[in-house]
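Descriptive analysis of the structure
This is what each chain is made of:
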Amino acid sequence: MSKGFTIIEIIITIFLLSIAVVGLYSVFAVMLILNSNVSDSFTAASLAQEGVEIARNIRDQNWIRMKDDPNARWYDGLSGCGQGCEYDYKTGTSGLAVPQTGNDHLSLNSDGFYAYVDSGDPNSQTKFERKIKIDFISDHLAKVQVQVSWDKKPNLLSDGVSADYCCPEGAACPANVSNCVTVDDYLYDWY
């Protein structure tokens, strides 16, 4: 009686190990995709909150101007954004800028911040787009809605989605649309 493995036992062992390795690889691939989705959602949420802060800062700068300029109003630089505006802290203007035609993705500037500047480096463009919408409810109240979306490539779990696609407010979104973050807030004239 010999005490070795038969060829059938070796084939069965290799088959079972192959199934285990393929299963672990599949789990690892899904974890990488989910980690990327969470990272994109976190970045988008931060960019959306930054958009609200930009609108607040413009309002606050207007309050400071109102002390010296009797013609200044708290909403200066915020009007005209019913369809969405683009703005970043480095633009250097006193209000929100209406989107330019063409590329409206945020870029990474030379300081490593997200901004609407063209650094000349094609690799500085990111996948994120941000729109700041401001609707005036009354003379002393405005609703700020910031929507950040990003290009999402197809993967094992979902189809690709363009950054241009974000479900409208109140609309039923398809289950695979997960490339959009919206933050709502209100600006009050407390001055």
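Use the structure listed above.
Worth saying up front: this structure is predicted, and the values here are computed from it rather than measured.

Thresholds applied
Numbering of residues begins from 1 in every chain and follows the order in which that chain's sequence is written. The predicted origin of the model limits local features to residues at a pLDDT of at least 70 and limits the giving and counting of side-chain atom pairs to 80 or more, whereas totals for whole chains, interfaces and linings rest on all residues. Hydrogens and water are ignored here; the side-chain numbers use all heavy atoms of the structure. Strands are runs of DSSP state E lasting at least two residues, helices are runs of H or I lasting at least four, and both sets are numbered from the N terminus onward. Between buried and exposed lies partly exposed: a residue is buried under 20% and exposed over 50% of the maximum accessible area for its type, with that area taken using a 1.4 Å probe on protein chains only. A contact between two residues is defined here by any heavy atoms of the two lying within 4.5 Å. Values of accessible area rely on a 1.4 Å probe in the Shrake-Rupley scheme; residue burial ignores everything except the protein chains shown. For the purposes of this section, nonpolar cores are sets of buried Ala, Val, Leu, Ile, Met, Phe, Trp, Tyr and Cys residues that join through side-chain atoms within 4.5 Å. A carboxyl oxygen of Asp or Glu within 4 Å of a side-chain nitrogen of Lys or Arg is what we treat as a salt bridge. Note: two strands are recorded as paired if DSSP finds a minimum of 2 bridges between them. Only the stretch in contact is used when fitting a helix axis, every axis being a line fitted to C-alpha atoms; angles between N-to-C directions are given from 0 to 180 degrees. For the purpose of charge, His is not counted, nor are the chain termini; Lys and Arg are scored as positive and Asp and Glu as negative. Polar contact is the term for a pair of N or O atoms within 3.5 Å; when the atoms are in protein, one must be able to donate a hydrogen and the other to accept it, and sequence-neighboring residues count only if both atoms are side-chain atoms. Stacked, tilted and edge-to-face are the three classes assigned to paired rings of Phe, Tyr and Trp, where Trp is represented by its six-membered ring and a pair needs centres within 6.5 Å; plane angles under 30 degrees give stacked, over 60 edge-to-face, the rest tilted.

Thoughts on the overall build of the protein
The helix and strand inventory of the protein stands at one helix and five strands. When the 191 residues of the protein are sorted by exposure, 33% land in the buried category. Counting contacts in the protein only where the partners sit at least 6 residues apart, residues at least 24 apart contribute 54% of the total. Taken as a whole, the protein presents about 12300 Å² of accessible surface, with 60% of it coming from carbon and sulfur.

With respect to the nonpolar core
If you look at the biggest cluster of nonpolar residues, it comprises 25 residues, and the most contacted ones within it are Phe128, Ile134, Val144, Val146, Val148 and Leu187. Elements with a minimum of two residues in this core: α1 (7–68), β3 (128–138), β4 (141–150) and β5 (180–188). No other element matches the eight residues that α1 contributes to this core.

Brief notes about the pattern of salt bridges
All told, the structure shown has six salt bridges when counted by the stated rule. Taking the shortest distance from any N to any O, the salt bridge between Glu53 and Arg56 comes out at 2.6 Å. One end of the pair, Glu53, and the other, Arg56, are both in helix α1, three residues apart, so they sit about a helical turn from each other. On the basis of relative accessible area, Arg56 is assigned to the partly exposed category, the value being 22%. Residue Asp185 pairs with Arg56 through a salt bridge whose shortest N-O separation is 2.2 Å. Linking Asp185 in strand β5 with Arg56 in helix α1, this pair joins segments that are 129 residues apart in sequence. Residue classification places Asp185 among the partly exposed residues on the basis of a relative accessible area of 22%. Residues joined by salt bridges that share partners form a network here, namely Glu53, Arg56 and Asp185.

Topic: the sheet that holds β3
A sheet is described by the order of its strands in space; here three strands give the open sequence β3-β4-β5, paired in antiparallel fashion. Where the open sheet ends on each side, the last strands, each with one partner, are β3 and β5. In this sheet, neighbouring strand axes are inclined to one another by 15 degrees on average, regardless of whether the strands run parallel or antiparallel. Note that β4 and β5 share nine bridges and pair antiparallel. What sits directly across from Gln145, in β5, is Asp184. Its contacts with the sheet put α1 on β3, β4 and β5, and the angle it makes with β5 is roughly 20 degrees.

A closer look at the side chain of Asp189
By the element assignment, Asp189 lies in the segment after β5. In this structure Asp189 is buried but unpaired, with Arg59 as the nearest side chain of opposite charge at 7.1 Å. There is a polar contact of 3.3 Å between the side chain of Asp189 and the side chain of Trp63. Leave out the neighbours within four places in its chain, and Asp189 touches Trp63, Trp74 and His140.

Quick word on the packing of aromatic side chains
Summed over the entire model, instances satisfying the criterion amount to five aromatic pairs. Geometrically, the ring pair formed by Trp74 and Tyr75 is edge-to-face, given 5.9 Å between the ring centres and 85 degrees between the ring planes. Ring geometry for Tyr75 against Phe136: centres 6.0 Å apart, planes inclined by 75 degrees, an arrangement best described as edge-to-face. One end of the pair, Tyr75, is in the loop between α1 and β1 (107–108); the other, Phe136, is in strand β3, with 61 residues separating them in the sequence. On the basis of relative accessibility, which here comes to 36%, the residue Phe136 falls in the partly exposed class. Connected via pairs of aromatic rings, a cluster forms that spans Trp74, Tyr75 and Phe136.

Honestly, that's just the spatial picture; any functional story needs more than this.
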